[in-house]
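What follows is the residue order along each chain.
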Amino acid sequence: MTSPTATLLIACPDRKGLVALLANFIASHNGNIIHADHHTDFTAGLFLSRLEWQLDGFDLTTEEITPAFSEIAKDLQANWQLHLSHKIPRIAIWVSRQDHCLLDLIWRQRAQEMRGEIPLIISNHENLKPIAAQYGIDFEYIPITKDNKAIQEAQQLELLKKYNIDLVVLAKYMQILSQDFIRKFPNVINIHHSFLPAFVGANPYERAYERGVKIIGATAHYVTPDLDAGPIIEQDVVRVSHRDEVSDLVRKGKDLERVVLARAVRYHLQNRVLVYGNRTVVFA
């Protein structure tokens, strides 16, 4: 059995002695740090850090850690998060008609490559319902139109609450979430079939083909009210040539989408992503 751990993600104005101060907080309570990573964004004047330590022997209970660290964080003017390894994240995967990212995520979760549960799939089409049934995952069909969007999003939010969902993954969900939804549930990761910021929006492979690009890419990012403009978690590219048709770009792009989305979700579940402004540090 792996020893239970706590992970601290913190961003604060940079100053001398921060690494020592954070490490001393853990050491003073008999904690054993097993991972430590730090970054300074000199342009923004920010110090960003990820610290993970074992809870065996730590003399604060999990309930006492947050109030104990709060005073330090207040003095540092810090934004911070505390994550405990015994809490298994619950994931809702949202899809439309394409199944490649959905199947890949389910397979990786079943193979224990990703530490999380997938109790719910939501879709605006019924095409992928048999996949949910095959793997024993609840499937909710919620069709979306311009006229019913607000009502249907309210139903989606109720389902996320009912299933105690921590993270929504848009695995080729071909709908734009409203600002109101994102405000109420901000933990959403999307896979975009382009190397953002190029070819934002729909049909990027067709537009890439028309432009004659020599590489295509995929981008996993957090969802914000601005279309395909949220903080980027992971990206990758593959070369294409003048011999490739649009169908070749789509085939190569789907391979990238699977891998890029899986990496992004894994980093998030491992508490390795720290968002500041519209950027991320990924402590991978």
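The rules we used
- Residues numbered from 1 in each chain as written.
- Predicted model: local features only at pLDDT ≥ 70, side-chain atom pairs only at ≥ 80, totals over all residues.
- Heavy atoms only, no water.
- UniProt positions renumbered as here; feature names shortened; annotations may be inferred.
- Helix = DSSP H or I, 4+ residues; strand = E, 2+ residues; numbered from the N terminus.
- Buried < 20%, exposed > 50% of the residue type's maximum accessible area, 1.4 Å probe, protein only.
- Pairing = 2+ DSSP bridges.
- Axes fitted to C-alpha atoms, helices over the stretch in contact; angles between N-to-C directions.
- Contact = heavy atoms within 4.5 Å.

**Re the UniProt feature "active site" (unreviewed entry) in the protein chain**
And step 1. Residues annotated by UniProt as "active site" (unreviewed entry) correspond here to Asp228.
And step 2. With respect to the secondary-structure elements, Asp228 resides in the loop between strand E10 (215-222) and strand E11 (232-239).
And step 3. Judged by its relative accessible area of 12%, Asp228 falls in the buried class.

**Quick look at the sheet that holds strand E3 (residues 46-54)**
And step 1. Ordered by their spatial adjacency, four strands build an open sheet running E2-E3-E1-E4, and the pairing between neighbours is antiparallel. At either margin of the open sheet sits one strand with a lone partner, and together these are strand E2 (32-41) and strand E4 (79-84). When strand polarity is set aside, the average angle formed by the axes of neighbouring strands in this sheet is 10 degrees.
And step 2. Along the sheet, helix H1 (residues 18-27) makes contact with strand E1 (5-13), E2 and E3, crossing E3 at roughly 25 degrees.
And step 3. Packing against the sheet, helix H2 (residues 62-76) makes contact with E1, E3 and E4, and its axis sits at approximately 165 degrees to E4.

**Notes on the sheet that holds E11**
And step 1. As summarised here, the arrangement of the seven strands in space is E7-E6-E5-E8-E9-E10-E11, forming an open sheet in which the pairing is mixed. Looking along the sheet, the strands with just one partner apiece sit at the ends: strand E7 (138-141) and E11. Averaged over all pairs of adjacent strands, the angle between strand axes in this sheet comes to 20 degrees, irrespective of strand direction.
And step 2. In terms of strand pairing, strand E5 (residues 90-95) meets strand E6 (residues 117-123) through five bridges, oriented parallel. From the neighbouring strand, Ile93 faces E6, where its bridge partner is Ile121.
And step 3. Set on the sheet, helix H3 (residues 100-110) makes contact with E5, E6, strand E8 (167-170) and strand E9 (188-192); between it and E6 the angle comes to about 170 degrees.

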